[in-house]
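Architecture at a glance
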Amino acid sequence: MLKKDILEEQQEQLRRQVRELSDSQRASYYRLSEKAIKDPDTYATLNYIFIAGLHHFYLGKWGLGLMNILVFWGGIALLWYGFIEVGVALLIGISVFELYELFRSQAIVLDHNNKAGQRVLKDVLSRSDS
């Protein structure tokens, strides 16, 4: 489970590392990270409005997004073909999972942004070494 205080400490550590960069490296870091950083409110909105998993695609988690869509539409198909109990169970299961993700959206996106920031920092540092 993602702990918010640990994620915030990781974020602060990343900020310290970025402050230690040269001006040109820092400019490069901010230019590259602008594309990688995601907004927690957009993630939460996509989760809230579309339970079918679009918020996973927003963070680049294609496998989880596809699985979410398949489970959701599988539940709908089971309802359509008369397997009411199984269809309802799938829809309730995916709804509970997504509700949990909705409440944890700030931590999920902070974790994503920390990892993205570390990747960008590593890229910037490797470019300056070569």
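Residues numbered from 1 in each chain as written. Predicted model: local features only at pLDDT ≥ 70, side-chain atom pairs only at ≥ 80, totals over all residues. Heavy atoms only, no water.

**Details of the environment of R127**
Within the secondary structure, R127 sits in helix α7 (residues 105-129). Along the backbone, R127 and Q25 are 102 residues apart, and their C-alpha atoms lie at a distance of 9.2 Å. Beyond its immediate sequence surroundings of up to four residues, R127 is in contact with S28 and L32. (Helix = DSSP H or I, 4+ residues; strand = E, 2+ residues; numbered from the N terminus. Contact = heavy atoms within 4.5 Å.)

**Describing the packing of helix α5 (residues 62-80) against helix α6 (residues 84-103)**
Between two packed helices, both the angle of their axes relative to each other and the distance between the axes serve to describe the pair. Viewed as axis vectors pointing N to C, α5 and α6 meet at an angle of 150 degrees, and their least axial separation amounts to 7 Å. Here α5 lies roughly antiparallel to α6, going by the angle between them. Classified by chirality, the crossing of α6 by α5 is left-handed. Across from N68, V71, F72, G74, G75, I76, L78 and L79 in α5, the residues of α6 making contact are I84, V86, G87, V88, L90, L91, I94 and E98. For the contact of α5 with α6, the class distribution of residues is eleven nonpolar, four polar and one charged. (Axes fitted to C-alpha atoms, helices over the stretch in contact; angles between N-to-C directions. Parallel < 35°, antiparallel > 145°, perpendicular 65-115°, else oblique. Left-handed = near helix turned anticlockwise from the far one by under 90°. Nonpolar A, V, L, I, M, F, W, Y, C, P; charged D, E, K, R; others polar.)

**Points about the UniProt feature "transmembrane region" (unreviewed entry) in the protein**
Look at the UniProt record and you will see "transmembrane region" (unreviewed entry) annotated at residues 41-58 and 70-97. What you have in residues 70-97 is 89% helix and 0% strand, and the ends, taken at the C-alpha atoms, are 14 Å apart. (UniProt positions renumbered as here; feature names shortened; annotations may be inferred.)

**Observations regarding a nonpolar patch on the surface**
Together, W80, Y81, F83, V86 and L90 make up a nonpolar patch on the protein surface, roughly 620 Å² of accessible area in all. When you line up the elements, V86 lands in helix α6. Taking relative accessible area as the criterion, V86 reaches 45% and is therefore assigned partly exposed. (Patch = residues over 30% accessible without salt bridge, like charges linked within 9 Å, V, L, I, M, F, W, Y side chains within 5 Å. Areas by Shrake-Rupley, 256 points an atom, 1.4 Å probe, with all protein chains shown as cover. Salt bridge = Lys/Arg side-chain N within 4 Å of Asp/Glu carboxyl O. Buried < 20%, exposed > 50% of the residue type's maximum accessible area, 1.4 Å probe, protein only.)

**Some details on α6**
With 20 residues, α6 should reach 28 Å at 1.5 Å per residue; the first-to-last C-alpha distance of 28 Å fits that figure. Every buried residue of α6 is listed here: G87, L91, I94, E98, E101 and L102. The buried residues of α6 occupy an angular sector of 100 degrees when projected down its axis, which confines them to one face. Structural note: α6 exposes E85, I92, V96 and F103 on the side pointing more than 90 degrees away from its buried face. (Expected span 1.5 Å × (residues − 1). Arc of directions from axis to C-beta.)

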